[in-house]
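Secondary and tertiary structure notes
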Amino acid sequence: MFQKILIANRGEIALRVLRACKELGIQTVVVHSTADADAMHVRLADESVCIGPPPSRDSYLNIHQIVAACEITGADAVHPGYGFLSENAKFSDILAAHNITFIGPSGDHIRIMGDKIEAKRTAKRLGIPVVPGSEGAVSDEKEAKRIAAEIGYPVIIKASAGGGGRGMKVARNEDELNVALATARSEAGAAFGDDAVYIEKYLEKPRHIELQVFGDGAGHGVHFGERDCSLQRRHQKVWEEALSPALNDEERARIGGICASAVADLGYSGAGTIEFLYEDGQFYFIEMNTRLQVEHPVTEAITGIDLVHEQIRVASGGGLSVRQEDIKFNGHAIECRINAEDPRTFTPSPGTITHFHTPGGLGIRVDSGVYSGYRIPPYYDSLIGKLIVHGRNRVECMMRLRRALDEFVVDGIKTTLPLFRDLVGNPDIANGDYDIHWLEKYLAKTE
Ligand code: MV4
């Protein structure tokens, strides 16, 4: 097991990882920018190293400073959290060259999944169902037209270096195809320095369903069920639940089995998320994320398994603590992302939190590093906490969520809490009847 883990992140996830390390009796080092000197995880860590000024590129993304902090403190492993360097293959390689363990998959697996064409090719080879479309990159208009005619309109053009919704263009007929292809390609070139694009059948009303998987790096893989993350705005998840209200046990076991064998066959190590669009009873692979995700607590709630413990165990060579047959799904969990934003326009609202009071009681978890008097710096994302509610079934979970939202107090800044108080009383949400476009339509209607 590791002696000392360096946490290369900030905010609620740095605190989340710190808690796991403490439970496992592992010493902790946190790195932070000058803007985060008074953060909760910095106070709670055994050691802290200030690695630079507020901008991320000078601190949380500064690989050399982070490696130096490992050398100075004698950390033998790094947990990257999510975002920042968590899916940076070069960072993983550099740590390996310094004999420091990256708590995550190999650089090669990160690289494959970061290239969306390569990821899709790999998924298909491993028996994962993918969206019909081009085999690899499309070279020109002629090829795009031929493929679009084959799969039928509408189609979507995606950037191979994109992901998370960046650089996508929909074409509803042949007339729209040339423009979609040209804009997607030039935007991809400008944004990512790689203008490779691929084409897919455009699904009109899918749900976003993602499978939590784990590999031990030695040919074993398990799945921890799915999360439904269909409620998004501008590709930012807002509300996530486990399990999905849309799946039955048979569908879950089938797609879960496929994903678990895929990570096993890949020799994958650590936590991963396999993202699907789900429409009319069919799953279509879109991307795989090679990190712990923001919404991992809903999976922890229904399985009772600490996913950060598992990441640390696997990275240290101790293997997974569970076999597939040990993983049982108990009840239902929902996560609300509490952002320091206007609840309608989502404009960031940094500032000082004058009063912070979190709900409690059975089935309630709040992951947050903020406190009364905390000043939210304007340099980073606006997530200030997550409310995770668990119940024996979805109805109980929703009742408990409504009560928890009533108790939650965040004064001094705007937050997304009022939006969740609206959503929890909405009939479509109560029925689990929503797709990836539901939230944007709802926000447009209730403007
Ligand atoms: C799609 C799609 C429809 N058809 N692919 C957006 C983020 C990226 N991960 C994939 N995305 C989409 N890919 C096909 N073939 C619609 C989306 C999409 C979306 C997906 C998940 C959650 C929210 C979304 C919002 C708009 C579009």
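Refer to the preceding data block for the structure.
First, a word on scope: everything that follows refers to the structure included in this document.

**Side note on the overall build of the chain**
Looking only at helices and strands, the chain features 15 helices and 20 strands. Here the chain has a C-alpha radius of gyration of 22 Å; the compact-globule value for 447 residues is 22 Å, and the two agree. In terms of overall dimensions, the chain has a C-alpha envelope of 60 × 50 × 45 Å along the principal axes. For the chain, buried positions account for 57% of its 447 residues.

**Observations regarding the packing of aromatic side chains**
One pass over the structure, following the stated rule, counts eleven aromatic pairs. For the ring pair Tyr-60 and Tyr-380, a centre distance of 5.6 Å and an interplane angle of 80° mean the geometry is edge-to-face. Placement of Tyr-60 in the loop between strand 3 (47–52) and helix 3 (63–73) and of Tyr-380 in the loop between strand 18 (375–376) and strand 19 (383–391) is noted, with a sequence separation of 320 residues between them. A residue is classified by how much of its surface remains accessible, and Tyr-60, at 1% relative accessible area, is buried. Overall, Tyr-380 belongs to the buried group, its relative accessible area being 12%. Residues Phe-214 and Phe-224 carry aromatic rings whose centres are separated by 5.7 Å and whose planes lie at 70° to one another, so their mutual orientation is edge-to-face. Of this pair, Phe-214 sits in strand 9 (residues 207–216) while Phe-224 sits in strand 10 (residues 221–233), and the two are ten residues apart along the sequence. Both residues of the pair, Phe-214 and Phe-224, count as buried.

**A word on the side chain of Glu-310**
Take Glu-310: it is sitting in helix 11 (residues 307–315). Within the buried core, Glu-310 has no salt-bridge partner, and the shortest N-O distance to an opposite charge, that of Arg-313, equals 4.5 Å. Ignoring anything within four residues of it in the chain, the contact list for Glu-310 reads Phe-214, Ile-305, Leu-320, Ser-321 and Val-322.

**Brief notes about the site of the ligand**
Near the ligand you find 18 residues, and of these Lys-158, Glu-200, Lys-201, Leu-203 and Glu-287 are the closest. Between a nitrogen atom of the ligand and a side-chain N or O atom of Lys-158, the distance comes to 2.9 Å. Within the backbone of Lys-201, one N or O atom sits 2.7 Å away from a nitrogen atom of the ligand. Protein chains shield 93% of the accessible area of the ligand, which is 520 Å² for the free molecule. Of all the secondary-structure elements, those providing two or more residues to the shell around the ligand are strand 6 (155–163), strand 8 (197–201), strand 12 (269–279) and strand 13 (282–289). Partitioning the shell around the ligand into residue classes produces eight nonpolar, five polar and five charged. Residues from two domains meet in the shell around the ligand; each of domain 2 (132–201) and domain 3 (207–446) gives at least three.

**Overview of the environment of Glu-241**
Its location among the elements puts Glu-241 in strand 11 (residues 236–242). Judged by relative accessible area, which is 0%, Glu-241 ranks as buried. In this structure, the C-alpha to C-alpha distance between Glu-241 and Val-131, residues 110 residues apart in sequence, is 24 Å. When residues no more than four places from it in sequence are discounted, the contact partners of Glu-241 are Glu-226, Arg-227, Asp-228, Val-298, His-332, Ala-333, Ile-334, Arg-394 and Tyr-434. Here the side chain of Glu-241 touches His-332 through a polar contact of 2.6 Å, side chain to side chain.

**Thoughts on the nonpolar core**
The biggest cluster of nonpolar side chains holds 37 residues, and the ones touching the most others in it are Trp-239, Ile-384, Leu-387, Leu-401 and Leu-423. Within the residue set of this core, elements represented by two or more residues are strand 11, strand 14 (332–339), strand 19, helix 12 (394–407), helix 13 (417–423) and helix 15 (438–445). Per-element tally for this core: the top contributor is helix 12, with five residues. The residues contacting Leu-401, other than those within four sequence positions of it, are Trp-239, Ile-334, Cys-336, Leu-387, Val-389 and Val-424. By size, the runner-up hydrophobic cluster in this structure holds 33 residues, among which are Ile-103, Val-222, Ile-312 and Val-322.

**Description of the packing of helix 1 (residues 11–23) against helix 11**
For the pair helix 1 and helix 11, the least separation of the axes is 9 Å and the interaxial angle reads 65°. Relative to helix 11, helix 1 is oriented so that their crossing is right-handed. Every residue of helix 11 that contacts helix 1 at Arg-16, Val-17, Ala-20, Cys-21 and Glu-23 is listed here: Leu-307, Val-308, His-309 and Ile-312. In terms of residue class, the contact of helix 1 with helix 11 is made up of six nonpolar, one polar and two charged.

Rules used in this analysis
- Residues numbered from 1 in each chain as written.
- Predicted model: local features only at pLDDT ≥ 70, side-chain atom pairs only at ≥ 80, totals over all residues.
- Heavy atoms only, no water.
- Helix = DSSP H or I, 4+ residues; strand = E, 2+ residues; numbered from the N terminus.
- Rg over C-alpha atoms; globule rule 2.2 N^0.38 Å.
- Buried < 20%, exposed > 50% of the residue type's maximum accessible area, 1.4 Å probe, protein only.
- Phe/Tyr/Trp six-rings, centres within 6.5 Å; stacked < 30°, edge-to-face > 60°.
- Lys, Arg positive; Asp, Glu negative; His and termini not counted.
- Salt bridge = Lys/Arg side-chain N within 4 Å of Asp/Glu carboxyl O.
- Contact = heavy atoms within 4.5 Å.
- Near = heavy atom within 4 Å.
- Polar contact = N/O pair within 3.5 Å; in protein donor to acceptor, adjacent residues only side chain to side chain.
- Areas by Shrake-Rupley, 256 points an atom, 1.4 Å probe, with all protein chains shown as cover.
- Nonpolar A, V, L, I, M, F, W, Y, C, P; charged D, E, K, R; others polar.
- Domains from an automatic or database assignment.
- Core = buried A, V, L, I, M, F, W, Y, C linked by side-chain atoms within 4.5 Å.
- Axes fitted to C-alpha atoms, helices over the stretch in contact; angles between N-to-C directions.
- Left-handed = near helix turned anticlockwise from the far one by under 90°.

Note that every value here comes from positions in space, so none of it alone points to a role or purpose.
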